[in-house]
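# Close look at the chain arrangement
Residue strings, one per chain:
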Amino acid sequence: GSGVLGRDEFATMATNADLRLWMEALEMSPDDIAGLFDLLDTGDGFISADEFLMGATRVKGTARNIDVAQLLVIIGRLERMVGDIHKVDVTVADRLEVC
């Protein structure tokens, strides 16, 4: 394979008995698979096997841990978006000063 998984491939993995057992050992519900994909996806729509293994073991525990991890990812994305908006704002302000 390509070494990465898309959302559909990742969802199909949730039906794998071995993966379900592994997730249960990490105290994660296999029903959380969609949320886990969103958590691990860096925005390109794919995750690598390494990203999956590292990310899944980081959120070991109750659903609360997954929720907090998802919030941290969302906050990081929002921080980048605000930073990008700020850069645009500064550029526009600089151009207005030139006029």
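See the structure shown above.
Residue numbers restart at each chain and count upward from 1, following the sequence in its written direction. In keeping with the predicted nature of the model, local features appear solely for residues at pLDDT of at least 70, side-chain atom pairs appear and are counted solely at 80 or more, and the whole-chain, interface and lining totals rest on all residues. Excluded from the side-chain calculation are hydrogens and water; included are all heavy atoms of the structure.

Our focus in this paragraph is the overall build of the chain. Note on conventions: DSSP H or I runs of at least 4 residues are helices, E runs of at least 2 residues are strands, and numbering of each starts at the N terminus. Scanning the chain from terminus to terminus reveals five helices and two strands. Seen in sequence order, the chain has helices and strands lined up from the N terminus as β-α-α-α-β-α-α. Over its C-alpha atoms the chain spans a radius of gyration of 18 Å, topping by over 25% the 13 Å that the globule rule assigns to 99 residues. Buried positions account for 25% of the 99 residues belonging to the chain. What makes two residues a contact is simply this: any of their non-hydrogen atoms within 4.5 Å. Considering only contacts in the chain between residues 6 or more positions apart, those separated by 24 or more positions represent 61%. Using C-alpha atoms as the atom set, the radius of gyration is obtained and then compared with a globule rule of 2.2 Å times the number of residues to the power 0.38. Per-residue accessibility, obtained with a 1.4 Å probe over protein chains only, is compared with the maximum for each type, and a residue is labelled buried under 20%, exposed over 50%, and partly exposed between these values.

Residues belong to one nonpolar core when they are buried, are Ala, Val, Leu, Ile, Met, Phe, Trp, Tyr or Cys, and are joined through side-chain atoms within 4.5 Å. Counting 18 residues, the largest nonpolar core has Phe10, Met28, Leu36, Ile47, Phe52 and Val59 as the members making the most contacts within it. Of all elements in the fold, only helix 2 (17–25), helix 3 (33–40), helix 4 (49–58) and helix 5 (63–98) reach the threshold of two or more residues within this core. Looking at this core element by element, the count peaks at five residues for helix 3.

Take the pattern of salt bridges next. A pairing counts as a salt bridge when a side-chain nitrogen of Lys or Arg comes within 4 Å of a carboxyl oxygen of Asp or Glu. One pass over the structure, following the stated rule, counts one salt bridge. Of the charged contacts, one joins Arg7 and Asp38 as a salt bridge, the two residues approaching to 2.5 Å between their closest N and O atoms. A residue pair is termed long-range when its members are at least 10 positions apart, and Arg7 in helix 1 (residues 7–13) and Asp38 in helix 3 qualify at 31 residues. By relative accessible area, which is 40% here, Arg7 ends up partly exposed.

Aromatic rings from Phe, Tyr and Trp, with only the six-membered ring used for Trp, were paired whenever their centres fell within 6.5 Å, and each pair was classed as stacked if the ring planes differed by under 30 degrees, edge-to-face if by over 60, and tilted otherwise. Summed over the entire model, instances satisfying the criterion amount to one aromatic pair. Between the aromatic rings of Phe10 and Phe37, the centroid separation amounts to 5.3 Å while the plane-to-plane angle is 55 degrees, which identifies the pairing as tilted. Pair noted here: Phe10 is in helix 1 and Phe37 is in helix 3, with a separation of 27 residues, a long-range link. By the burial criterion, Phe10 is buried, and Phe37 matches it.

Bringing a nonpolar patch on the surface into the picture now. On the surface, a cluster of nonpolar side chains totalling about 670 Å² of accessible area is made up of Val68, Leu71, Leu72, Ile74, Ile75, Leu78 and Met81. Judged by its relative accessible area of 45%, Val68 falls in the partly exposed class. Grouping into patches uses exposed residues only, defined as over 30% relative accessible area, and leaves out salt-bridged ones; the cut-off is 9 Å for like charges and 5 Å for nonpolar side chains (Val, Leu, Ile, Met, Phe, Trp, Tyr). Accessible areas in this description were obtained via Shrake-Rupley with a 1.4 Å probe; residue shielding takes into account the shown protein chains only.

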